[in-house]
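These are the residues of each chain, in order.
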Amino acid sequence: GIYGKDYTYRELSPEEMAKVVMGNHDPEFVATARSGDVLVGGWNFGTGSSREQAATALQAKGIRLVIAGSFSQTYLRNAYNNGLMCIACPSFVSHLRQKYQERIDEGVPTIVPESGVLVDFRAGQLSFEDLSFSFPALGQVPQELVVNGGIEPLIRRRLRLNGADAATS
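Residues numbered from 1 in each chain as written. Predicted model: local features only at pLDDT ≥ 70, side-chain atom pairs only at ≥ 80, totals over all residues. Heavy atoms only, no water.

### Side note on the packing of helix α4 (residues 53-61) against helix α5 (residues 73-81)
- Following both chains from N to C, one finds α4 and α5 inclined at 50°, their axes separated by 8 Å at the closest point. Classified by the angle their axes make, α4 and α5 are oblique. Considering how the two elements wind past one another, α4 and α5 form a crossing that is right-handed. Facing Ala54, Ala55 and Leu58 of α4, the residues of α5 in contact are Tyr75, Asn78 and Ala79.
- Taken together, the residues of the contact of α4 with α5 break down into five nonpolar, one polar and no charged. (Axes fitted to C-alpha atoms, helices over the stretch in contact; angles between N-to-C directions. Helix = DSSP H or I, 4+ residues; strand = E, 2+ residues; numbered from the N terminus. Parallel < 35°, antiparallel > 145°, perpendicular 65-115°, else oblique. Left-handed = near helix turned anticlockwise from the far one by under 90°. Contact = heavy atoms within 4.5 Å. Nonpolar A, V, L, I, M, F, W, Y, C, P; charged D, E, K, R; others polar.)

Put into structure tokens, the structure is as follows:
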């Protein structure tokens, strides 16, 4: 549902990827989602999306954070390797499912809440409306990958640093 099979083996620009992301889940998502939005999914988010485009297409659309009840481990690895921040917060997902149950039952695939979400990564707290939800802190490796924009920029940075060290030795 995140990135359709019809696009996986085609070389699309980020702009083109942004136009088709989530199309199998909700054809209106592209018109609804805005750059800087946080995407909240359900449980085992990303299952069946083993290609890196499932993460990079969301980034191309401007999604900076995915919150879910849990993640497919393959999706999570691809997301971090591409610098996409993901956090598991099952209590928040459960709360949203309860709050929007009627719309979910009506088959509305994308719901945009009236309120924003505030995430305090240091405290491992997520605030929505007047409620607070805890999530586990990210480990050192995912933090480093996200801060550096993914594995490739991280490796390039390390190679430059090592090259500079070797040149001065």
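From this point, things continue past the structure.
### A look at the pairing of strand β5 (residues 125-128)
- Of the two faces of β5, only one is covered, namely that formed by Leu126 and Phe128; the face formed by Gln125 and Ser127 stays uncovered.
- Sheet topology places strand β4 (residues 117-120) next to β5; four bridges connect them, and they run antiparallel. Across the sheet, the residue bridging to Asp120 is Gln125, located in β5.
- In sequence, β4 turns back onto β5 through a hairpin of four residues, with Gly124 there showing a positive phi of about 65°.
- Strand direction decides the pairing type here: β5 and strand β6 (residues 131-134), joined by four bridges, are antiparallel. Within the sheet, the bridge partner assigned to Ser127 lies in β6 and is Ser132.
- The antiparallel hairpin formed by β5 and β6 contains two residues in its connecting segment, where Glu129 sits at a positive phi of about 55°. (Buried < 20%, exposed > 50% of the residue type's maximum accessible area, 1.4 Å probe, protein only. Pairing = 2+ DSSP bridges.)

### Some words on the packing of α5 against helix α8 (residues 140-147)
- Between α5 and α8, the least distance of the axes is 8 Å, while the angle of their chain directions is 45°. By the angle class used here, α5 and α8 are oblique. In contact with Arg77, Tyr80 and Asn81 of α5, α8 contributes Pro142, Leu145 and Val146.
- Counted by class, the contact of α5 with α8 contains four nonpolar, one polar and one charged residues.

### Thoughts on the pattern of salt bridges
- Scanning all chains against the criterion turns up four salt bridges.
- Across the pair Glu144 and Arg158 runs a salt bridge whose closest N-O atoms are separated by 2.8 Å. Remark: Arg158 occurs in helix α9 (residues 151-168) and Glu144 occurs in helix α8; sequence separation between them is 14 residues.
- According to the relative accessible area criterion, Arg158 is partly exposed, its value standing at 39%.
- The residue Arg156 makes a salt bridge to Glu152 at a minimum N-O spacing of 4.0 Å. Residue Arg156 and its partner Glu152 are located together in helix α9, separated by four residues, close to a single helical turn. (Salt bridge = Lys/Arg side-chain N within 4 Å of Asp/Glu carboxyl O.)

### Section: α4
- Across the nine residues of α4, eight count as buried, placing the element largely inside the fold.
- Along its buried surface, α4 packs onto α1 (5-8), α2 (14-18), α3 (29-32), β1 (38-40), β2 (65-68) and α5.

### Concerning the sheet that holds β2
- One open sheet accounts for three strands, arranged β1-β2-β3; its pairing is parallel. Across the chains shown, the open sheet's two edge strands, defined by having one partner strand only, are β1 and β3 (85-88). For this sheet, the mean angle separating the axes of adjacent strands, direction not counted, is 20°.
- Here β1 pairs with β2 via three bridges, running parallel. Within the sheet, the bridge partner assigned to Val40 lies in β2 and is Ile67.

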